[in-house]
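As a plain string of letters, each chain reads:
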Amino acid sequence: MQADLIQEARRQAEICNACRYCEGYCSVFPALHANRAFSDGDITQLANLCHNCRGCYYACQYTAPHEFDLNLPAALADVRQDSWEEFAFPRVVARAFQRNGMAITIAVTLCFALLFTLAKWVGPSDGEGFYAVLSHNLMVAIFAPAFLAPLASIAISLRRYWVATGGGPVRFAHVRAAFQSAATLRNLAGGHGEGCNFEDEDRFTQARRLAHQAVLYGFALCFASTASGTVLHYAFDMSAPYGLLSLPKLLGIPGGIMMTFGAVWLLDLKRKADPHLGAAQARSGEVAFIALLGFVALSGLVLYAMGQTALMPTLLALHLGSVLGFFLLMPYTKMAHGFYRLAALIRDAQRH
Amino acid sequence: MKPTPDIVVIGGGNAALCAAITAAEAGAQVLILEAAPKPYRGGNSRHTRNFRCMHDGPLGPLVESYSEDEYFADLMKVTGGKTHEALARLAIRTSEECLPWMEAHGVRFQPSLSGTLSLARTNAFFLGGGKGLVNAYYRTAAKLGVAVEYEAKVTHLEVEDGRVVYLDYTQNDITHRLEPKSVVVASGGFQADTDWLARAWGPAAKNFLIRGTPYNRGVVLADLLDQGVEQVGDPTQCHSVAIDGRAPKYDGGIVTRLDCVPFSIVVNKHAERFYDEGEDVWPKRYAIWGRLVAAQPDQVGYAIIDAQSLDLFMPSVFPPIKADTLEELARMMGLPEDKLRATVDAFNASCGDTRGFKPTELDGVSTKGLTPPKTNWARSITQAPFYGYSLRTGVTFTYLGLKVDETAQCSIGNRPVSNLWAAGETMAGSILGQGYLAGFGMTIGTVFGRIAGAEAAKHAS
């Protein structure tokens, strides 16, 4: 961990602890106020608990030009970003991708190339529909490890996080509390339920909360769609393509629309927001990640809409290439935040 | 050329905003002239955190009830009876309807902060503190069409034949003249002008720290008083507390306060004690320590505690000075070593049975035969490491101000100035002669800001 980032966050936390005016905004402040001194692990936990709602910044009487120069959202964002790179496995990969939108773009482009290559020379089989381009077995051979290996990496990272922040044995109640908080993004509700600051300085709106949840729930629906397809394939011997009224489509189409819409909305909000209240150095990585999410969703929808045309093999390669890139980079992009955030919420639930 | 507004509100804090919003809702064209740049807008309201509010039954974040009589009695206690009863009761009675008005105009409240549970019944805390409140009011004012000019310093109001005929303000070195129909002055006291403080207090005031905004320099106040507008309040009276001596000269706000005094001994630069540190619980005593420290040589004090007491009070923004021996601590703090040793030894020798020590209440654990005594929490200072904080006088606001009536109107002699009203700290001396009750400043600002805004709009229409 970078000691200077932790030290700057600690300096600010000590000022906050002497003030306490922001106690009602989010979970960070009650957790902060429970301490008199802050270990590196305490700061790491506070950083990952922070949802960057920015309420504390705009309400702060000590922001620049005041000599105390508080900017807690940025200080915690920097520590948070650094912690994801520090806990990642392997670390060097996270250092390459977290802050670097160009690296993400290049990696995903390589995934496109791989899929095009496979579709043209390796994959074609006598299957139907998509499987005529890439056989089902080949898809499984690529995507099962591409999904499971990153999850294993994330498990290692979370283990490191847990040790660093002094987490105890996890009970069901902790997990339930964390999921309840994440499901409603309670920490972006501003304490009064009117949302957070982001795109228009100190104005409270639900925009960021809604946009994020559109992506989150859209992603969950798309994931459920894929899972339901897997079940239909193996358990019921019903293979793709599925009709409009099938479970994969009923879940996947609304999910894809929500994800696409949410990603575009998030990018627009991000464009309007002040970058100096977040991890400014990671901005290009964050933008590339959101764009990738949006592309995964949109290419899936287009593939469905145009699956019967001659463009299908191209669209399939693009969609599967983006999905592959997304999964492989999961531990090393902003996607990691979801796992750390849940861990931090579980850890916070252990305080009570 | 911008159109001349109906009403000019001078100042950009809570009282100014309440006046501007009320006047704009009554249909007036309102211009706020705020001397500070935008990041520092809001005057001392930026540093506030709550609003003392009368209520019959639970109201918003407030629990139980707080009656007019109890509120008034609390006020009489802290002001030693120097209270204008009619105006004080007006502020108290109106406070109850203010809370929903504040919510309707964007202010959000939160439960009493950790460490302030004693105020959960009487004081409604702003979510995010006073700057959150100020931000919400600026948003509301903007929606109502109120214009705001920042770094706009009013230099003169021309008062002729009992009315303000024009006012001048400078912005970016250019002077502008406006002839509004009504003027509301809500630009605070003069505490940031340390020359003025020194004239009132003597040269010692140069060593005072100013807890709040550096922009409350009393320019408009002095200008009006010079033209015979009625004044109220004693220029030597100000609200001051003992704060960390390392605090910035201006704008240190809440985080520079020190809550360690009841668990310490406090000495002056000669390492002599000068007052009973354990006289009462800290919320009831912190406001007298500003004056006590101001009366010491060089206006400085030193609170000394030992390892037993470090966790008994809220942390403050600067870590204490720490040493393994008292002599080393004295050296680090610039105190005479032998004298501090002697003072601590004498204190320790006078401490009796400390088994009843209870940090959260008056425990009666006192010294015997010591002058001055320490009448509660008197526990000997023996366990290393030892810790020290320097204390200085931190001025919150001054009491000298504009005298107003129950319509917030200013006057010359017995005649009202027909188009001039005042609200907030600049007229708080009309109600309080001395002393202070937490959260009452925001009550005065809100109540009289709304009155001033309504009266100014009535006059302008």
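Computed from a predicted structure; not experimentally measured.

K.L.:
Just checking my understanding: could you explain the overall build of chain B for this structure?
P.N.:
A count of helices and strands for chain B gives eleven helices and 20 strands. Relative to a compact globule of 461 residues, whose C-alpha radius of gyration would be 23 Å, chain B shows 23 Å and is just as compact. Its C-alpha atoms give chain B principal-axis dimensions of about 75 × 50 × 40 Å. Here the analysis covers contacts within chain B between residues at least 6 apart in sequence; of these, 76% occur between residues at least 24 apart.

K.L.:
Would you mind showing me how to read the overall build of chain A here?
P.N.:
A tally of regular secondary structure across chain A gives 14 helices and zero strands. Ordered by position from the N terminus, the helices and strands of chain A form the series α-α-α-α-α-α-α-α-α-α-α-α-α-α. Expected size for 352 residues packed as a compact globule is a radius of gyration near 20 Å; at 22 Å, chain A falls within 12% of this value. Its C-alpha atoms put chain A at 70 × 40 × 35 Å along the principal axes. Per-residue burial for chain A yields a buried fraction of 48% across its 352 residues.

K.L.:
Help me understand the sheet that holds strand E20 (residues 415-422) of chain B in this model?
P.N.:
Paired through their backbone hydrogen bonds, the strands of a sheet run either parallel or antiparallel. Residue and element names in this part refer to chain B. Here we have six strands laid out as an open sheet, ordered E6-E2-E1-E10-E20-E19, and mixed in their pairing. The open sheet has two edge strands, strand E6 (147-149) and strand E19 (409-412), and neither has a second partner. Within this sheet the neighbouring strands show an average axis-to-axis angle of 30 degrees, counted without direction. Each of strand E1 (7-10), strand E2 (30-33) and strand E10 (182-185) touches helix H1 (residues 14-25); the most contacted strand, E2, lies at about 170 degrees to it.

K.L.:
Would you mind showing me how to read the domain arrangement of chain B here?
P.N.:
Quoted interface sizes are often the accessible area lost when the parts come together. Residues and elements named next belong to chain B. Along its sequence, chain B is carved into domain 1 (7-234 + 399-460) and domain 2 (241-394). Computed from C-alpha coordinates alone, the two centres of domain 1 and domain 2 are separated by 34 Å. Each partner contributes residues to the interface: domain 1 has 15 residues there, and domain 2 has 17 residues. A per-class count over the side of domain 1 that touches domain 2 returns seven nonpolar, six polar and two charged.

K.L.:
How should the domain arrangement of chain A be read in this particular structure?
P.N.:
Residue and element names in this part refer to chain A. What the domain assignment lists for chain A is domain 1 (3-85) and domain 2 (87-349). Once you take the C-alpha centre of each, domain 1 and domain 2 turn out to be 28 Å apart. Between domain 1 and domain 2, the contact holds 27 residues from the first and 29 residues from the second. Elements that contribute at least two residues to the side of domain 1 that touches domain 2 include exactly helix H3 (40-49), helix H4 (55-58) and helix H5 (72-87). Counting residues per element, the side of domain 1 that touches domain 2 draws most heavily on H5, which supplies nine residues. Classifying every residue of the side of domain 1 that touches domain 2 gives eleven nonpolar, twelve polar and four charged.

K.L.:
Is there a simple way to explain the sheet that holds strand E8 (residues 163-171) of chain B in this structure?
P.N.:
Residue and element names in this part refer to chain B. Across the sheet, which stays open at both edges, the three strands sit in the order E7-E8-E9 with antiparallel pairing between neighbours. Unpaired on one side and paired on the other, strand E7 (153-160) and strand E9 (174-178) mark the two borders of the sheet. This sheet shows a mean twist of 20 degrees between the axes of neighbouring strands, independent of strand direction. Where E8 meets E9, five bridges bridge the pair, whose relative direction is antiparallel. Among the inter-strand pairings, Gln171 is bridged to a residue of E9, identified as Ile174.

K.L.:
Sorry if this is basic, but what is going on with the nonpolar core here?
P.N.:
Ranked by internal contacts, the top residues of the largest apolar core, which has 248 residues, are B:Val9, B:Ala19, B:Ala20, B:Val184, B:Ala422 and B:Ala423. It is helix H13 (residues 312-329) of chain A that contributes the most residues to this core, eleven residues altogether.

K.L.:
I keep staring at the environment of B:Thr407 and nothing clicks. Help me out?
P.N.:
Residues and elements named next belong to chain B. For Thr407, the position within the fold is in the loop between strand E18 (401-402) and E19. What makes Thr407 partly exposed here is the crowd of 13 C-beta atoms within 10 Å. Residues Thr407 and Ser316, 91 residues apart in the sequence, show an inter-C-alpha distance of 41 Å. If we skip the residues at most four places from it in the chain, Thr407 touches Ile451 and Glu455.

K.L.:
Where do I start with the interface of chain B and chain A in this structure?
P.N.:
The interface is formed by 27 residues belonging to chain B together with 26 residues belonging to chain A. Ranked by the residues each element gives to the side of chain B that touches chain A, the list is headed by helix H4 (residues 130-143) of chain B, at four residues. Classifying every residue of the side of chain B that touches chain A gives ten nonpolar, ten polar and seven charged.

K.L.:
Is there a simple way to explain the pairing of strand E5 (residues 123-126) of chain B in this structure?
P.N.:
On a regular strand, one side chain projects to one face of the sheet and the next to the other, so that they alternate. Residues and elements named next belong to chain B. In E5, alternate side chains face the same way, and those of Asn123 and Phe125 on one face and Ala124 and Phe126 on the other are all buried. Strand direction decides the pairing type here: strand E3 (residues 50-52) and E5, joined by three bridges, are antiparallel. Its bridge partner lying in E5, Asn50 is registered against Phe125. Bridge count between strand E4 (residues 109-110) and E5: two bridges; the pairing is antiparallel. Residue pairing in the sheet places Phe109 in a bridge with Phe126 of E5.

K.L.:
Would you mind showing me how to read the packing of H3(A) against helix H14 (residues 336-349) of chain A here?
P.N.:
Residues and elements named next belong to chain A. Interaxial distance between H3 and H14 falls to 8 Å at its minimum, and their mutual angle equals 115 degrees. Judged by the sense of rotation from one axis to the other, the crossing of H3 with H14 is left-handed. Facing H3, whose interface residues are Gln45, Asn48 and Leu49, H14 presents Tyr340, Arg341, Ala344, Arg347 and Asp348. Its residues assigned to classes, the contact of H3 with H14 comprises three nonpolar, two polar and three charged.

K.L.:
Sorry, what's going on with H3(A) here?
P.N.:
Since the α-helix packs 3.6 residues into each turn, any two residues three or four apart lie on the same face. All names here are of chain A. In terms of residue burial, H3 counts as a mostly covered element, since eight of its ten residues are buried. Burial in H3 covers these residues: Asp42, Ile43, Thr44, Gln45, Leu46, Ala47, Asn48 and Leu49. Structurally, H3 contributes buried residues whose contacts are with helix H1 (3-19), helix H2 (28-33), H5, helix H8 (136-164) and H14.

K.L.:
Can you walk me through the packing of H1(A) against H3(A) in this structure?
P.N.:
Any two packed helices are characterised by how steeply their axes cross, that is the angle between the axes, and by the distance between the axes. Residue and element names in this part refer to chain A. Two elements in contact, H1 and H3, have axes separated by 10 Å at closest approach and are oriented at 80 degrees. Of the possible angle classes, the one that applies to H1 and H3 is roughly perpendicular. Together, Ile6, Ala9, Arg10 and Ala13 of H1 and Asp40, Ile43, Leu46 and Ala47 of H3 make up the contact between the two elements. Class assignment for the residues of the contact of H1 with H3 results in six nonpolar, no polar and two charged.

K.L.:
Quick question: what am I supposed to make of the pairing of E7(B) here?
P.N.:
Residue and element names in this part refer to chain B. As judged from the seven bridges shared by E7 and E8, these two strands associate in the antiparallel manner. Within E8, the residue paired with Leu157 across the bridge is Leu167. Between E7 and E8, which pair antiparallel and follow one another directly, the connecting turn spans two residues, one of which, Asp161, has a positive phi of 50 degrees.

The rules behind these values
Residues numbered from 1 in each chain as written. Chains lettered and ligands numbered in written order. Predicted model: local features only at pLDDT ≥ 70, side-chain atom pairs only at ≥ 80, totals over all residues. Helix = DSSP H or I, 4+ residues; strand = E, 2+ residues; numbered from the N terminus. Rg over C-alpha atoms; globule rule 2.2 N^0.38 Å. Contact = placed C-beta atoms within 7 Å. Buried ≥ 20, exposed ≤ 12 C-beta atoms within 10 Å, placed from the backbone. Pairing = 2+ DSSP bridges. Axes fitted to C-alpha atoms, helices over the stretch in contact; angles between N-to-C directions. Domains from an automatic or database assignment. Nonpolar A, V, L, I, M, F, W, Y, C, P; charged D, E, K, R; others polar. Core = buried A, V, L, I, M, F, W, Y, C linked by C-beta atoms within 7 Å. Left-handed = near helix turned anticlockwise from the far one by under 90°. Parallel < 35°, antiparallel > 145°, perpendicular 65-115°, else oblique.

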